[in-house]
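Chain residues, written in single-letter form:
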Amino acid sequence: MTFMGAVRSVYAMMAVVAAAVAGLFAIAAPASADWGATTKVSGSSFVGTAVPIAAGMADDGAAAVAYLDSSDLYVASRESAGGAWTRTLIWPDANNSHDLVLDMNPAGDAVIAYRLGDGNGFVGVAYKPAEGSWGANAFLDNATGGSTASGRLDATINSSGTAIVAWSATALGSPPQG
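The shown structure was predicted, so the numbers you read here are calculated from the model rather than taken from an experiment.

Bringing the pattern of salt bridges into the picture now. In this structure the tally under the stated criterion is two salt bridges. For Glu79, the salt bridge identified is with Lys128, shortest N-O distance 3.4 Å. Placement of the pair is Glu79 in the loop between strand S8 (72–78) and strand S9 (86–91) and Lys128 in strand S12 (residues 123–128), with a sequence separation of 49 residues. Overall, the relative accessible area of 2% leaves Lys128 in the buried class. Residue Arg115 is joined to Asp99 by a salt bridge in which the shortest nitrogen-to-oxygen separation is 3.2 Å.

The description of an aromatic ring pair uses the distance of the two centres, along with the angle that the planes make with each other. In total, this model carries two aromatic pairs according to the counting rule given. The interplanar angle of 20 degrees and the centroid separation of 6.1 Å between the aromatic rings of Tyr67 and Tyr74 together place this pair among those described as stacked. By relative accessible area, Tyr67 is classed as buried at 0%. Exposure remark for Tyr74: the relative accessible area of 15% places this residue in the buried category. With a centroid separation of 4.9 Å and an interplanar angle of 90 degrees, the aromatic rings of Trp91 and Phe139 are classed as edge-to-face. Residue Trp91 is located in strand S9, and its partner Phe139 is located in strand S13 (residues 138–141); the two are separated by 48 residues in the primary sequence. For Phe139, a relative accessible area of 14% gives the class buried. One residue, Arg87, lies across the ring of Tyr74, its end atom 3.8 Å from the ring centre.

About the cut-offs
- Residues numbered from 1 in each chain as written.
- Predicted model: local features only at pLDDT ≥ 70, side-chain atom pairs only at ≥ 80, totals over all residues.
- Heavy atoms only, no water.
- Salt bridge = Lys/Arg side-chain N within 4 Å of Asp/Glu carboxyl O.
- Helix = DSSP H or I, 4+ residues; strand = E, 2+ residues; numbered from the N terminus.
- Buried < 20%, exposed > 50% of the residue type's maximum accessible area, 1.4 Å probe, protein only.
- Phe/Tyr/Trp six-rings, centres within 6.5 Å; stacked < 30°, edge-to-face > 60°.
- Lys NZ or Arg CZ within 6 Å of the ring centre and 35° of its normal.

Everything listed is a geometric property; what it means functionally is a separate question.
Structure, rendered in structure tokens:
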């Protein structure tokens, strides 16, 4: 299934400062077990303490963590419990992006949605099928009112891998062409 075939847009009428830390870390515990060792999942550059992060996990331990690293939007993911973490660049120059959300279903299909902090509030998304690679970033709306701090954003994915991304906006644009 293509990304655009898996995502449906919904509109509803109905936020990020920076400081530096050494990295972004993840830790997971199986049911009825102790927390394991902490793993650094971000790259070598600094990750702000107040930038958005989002995480999801599948039943088999596949997991994903989305975050801003310097000014780029990345996702660190693994395909199973105890597997190696890999980093994927979702969108370069995503500085000041906010409203970052990530959802992963029990099978490992995942969706990321975010709003660019570029003064236009573009809504960006990326999709990953279970045991697949992150697809290309796409923009669903290019004119959500021009404010980087207004509106709401959410995303979820069901057991069949169909994702829905919902956002509120003061104006409705169209996806950027090209």
